[in-house]
Structure formats: C-alpha cells, structure tokens
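Residue-level listing of the chains:
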Amino acid sequence: MTKVFTHFSSDADSRRDELIRTIEHSVEHLTLAELEALYYDLVSKDYIR
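Residues numbered from 1 in each chain as written. Predicted model: local features only at pLDDT ≥ 70, side-chain atom pairs only at ≥ 80, totals over all residues. Heavy atoms only, no water.

**Student:** Which parts of the structure should I look at to understand unusual backbone geometry?
**Tutor:** Most peptide bonds take the trans form, and the phi angle of most residues other than glycine is negative. A positive phi angle, near 65°, is found at D46, a position not held by glycine. When you line up the elements, D46 lands in the segment after α2 (32-44). (Helix = DSSP H or I, 4+ residues; strand = E, 2+ residues; numbered from the N terminus.)

Now the structure itself:
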C-alpha cells in the first residue's frame, strides 16, 4: 500500500519518494501541448539540461 503523507515527515527520503510519485501521476495525465510547455519551462529554468 502506498504511504500517504498529510504533513511533512522527518523522513526526507520517504517524502521525496512520495513527491516523485505524485508528480509522475500528474504528468501522465498531461496533453502533448502541456508536456511541451512544462518541458520548456523546466529547460528555461535550468532544471533540465
């Protein structure tokens, strides 16, 4: 069963994993245009090289 956080935990690795799963789930539902916009935004902010 997936661990659900209702507040920030002192366990940084678990919180990081939960955030990654949430982001992955959200990205899976984006359209191509939305993905391209997100990609451009991340590249322009130098999060993706």
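**Student:** How do you make sense of a nonpolar patch on the surface when you look at a structure like this?
**Tutor:** Together, Y39, V43, Y47 and I48 make up an exposed nonpolar region whose accessible area comes to about 410 Å². Along the chain, I48 falls in the segment after α2. Overall, the relative accessible area of 31% leaves I48 in the partly exposed class. (Patch = residues over 30% accessible without salt bridge, like charges linked within 9 Å, V, L, I, M, F, W, Y side chains within 5 Å. Areas by Shrake-Rupley, 256 points an atom, 1.4 Å probe, with all protein chains shown as cover. Salt bridge = Lys/Arg side-chain N within 4 Å of Asp/Glu carboxyl O. Buried < 20%, exposed > 50% of the residue type's maximum accessible area, 1.4 Å probe, protein only.)

**Student:** Looking at this model, I keep getting lost on helix α1 (residues 12-27). Mind explaining?
**Tutor:** Spanning 16 residues, α1 covers 22 Å between terminal C-alpha atoms, matching the ideal 22 Å at 1.5 Å per step. Regarding α1, the residues found buried are S14, R15 and E18. Burial along α1 is one-sided: seen end-on, the buried residues are contained in an arc of 100°. Opposite its buried face, α1 presents the exposed residues A12, D13, R16 and I23, each directed more than 90 degrees away. (Expected span 1.5 Å × (residues − 1). Arc of directions from axis to C-beta.)

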